[in-house]
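Descriptive analysis of the structure
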Amino acid sequence: MELLTIRTVNSESAARLIRSGFLKKAAFLRLGIEKTTGRISHFEEKYGGSSQELVSSTTPIDDIDLVEWEGEIEVLHRLEENLKQIDELKVCK
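This section reports on the structure supplied with the text. (Residues numbered from 1 in each chain as written. Predicted model: local features only at pLDDT ≥ 70, side-chain atom pairs only at ≥ 80, totals over all residues. Heavy atoms only, no water.)

Focus on the environment of Leu83
- With respect to the helices and strands, Leu83 occurs in helix H3 (residues 63–87).
- Measuring from C-alpha to C-alpha, the distance between Leu83 and Leu29 comes to 6.3 Å, with 54 residues separating the pair along the chain.
- What Leu83 contacts, discounting residues up to four positions off in sequence, is Ala26, Leu29, Arg30 and Ile33. (Helix = DSSP H or I, 4+ residues; strand = E, 2+ residues; numbered from the N terminus. Contact = heavy atoms within 4.5 Å.)

Right, dumping it as structure tokens:
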């Protein structure tokens, strides 16, 4: 684990501000994950299977839907990775 140092006049205030920012960002990411998961579920329901099964299968999928679906999967992975990174942060003072 790496350590990041921030110099400030008021460490208590800065720590609260940083924690608050992390919490807000995490909430924003969770909302994005929820919305993205909903869009992925829409495609899974429309085509009758899970994303893993259908994106790699020979089931006929509309080209635009396939591009959007794969894009949503990529967005979900990025959102989850960002949330993981925030969850691993610890503010020490």
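Quick word on the layout of surface pockets
- Computed from the structure, the largest pocket encloses a volume of approximately 580 Å³.
- Taken together, 18 residues make up the lining of the largest pocket; nearest its centre are Leu3, Leu4, Lys90, Val91 and Cys92.
- Here the residues of the lining of the largest pocket are counted per class, giving 11 nonpolar, three polar and four charged. (1 Å grid on protein atoms, 1.4 Å probe; cavity = no way out; pocket = protein on both sides within 12 Å on 5 of 7 lines; lining within 4 Å. Points joined across faces, edges and corners; volume = space filled by probe spheres on them. Nonpolar A, V, L, I, M, F, W, Y, C, P; charged D, E, K, R; others polar.)

Some thoughts on the nonpolar core
- Core analysis: the largest hydrophobic core is formed by 14 residues, its most contacted members being Tyr47 and Trp69.
- Taken together, the elements giving at least two residues each to this core come down to helix H1 (11–47) and H3.
- Excluding its chain neighbours within four sequence positions, the residues that come into contact with Tyr47 are Leu54, Pro60, Ile61, Asp62, Asp65 and Trp69. (Core = buried A, V, L, I, M, F, W, Y, C linked by side-chain atoms within 4.5 Å. Buried < 20%, exposed > 50% of the residue type's maximum accessible area, 1.4 Å probe, protein only.)

Observations regarding H1
- A rise of 1.5 Å per residue sets the reference length of H1, with its 37 residues, at 54 Å; its end C-alpha atoms lie 53 Å apart and thus fit the reference within 8%.
- Those residues of H1 not exposed but buried are Ala14, Ala15, Ala26, Leu29, Gly32, Ile33, Thr36, Ile40, Phe43 and Tyr47.
- Near the N-terminus of H1, the side chain that reaches the backbone nitrogen of Glu12, with its oxygen 3.3 Å away, is that of Asn10.
- With its phi angle positive at about 70°, Gly48 sits one or two positions after the end of H1. (Expected span 1.5 Å × (residues − 1). Polar contact = N/O pair within 3.5 Å; in protein donor to acceptor, adjacent residues only side chain to side chain.)

Remarks on the environment of His77
- Secondary-structure assignment places His77 in helix H3.
- Note: C-alpha distance between His77 and Thr36 (41 residues apart in sequence) is 10.0 Å.

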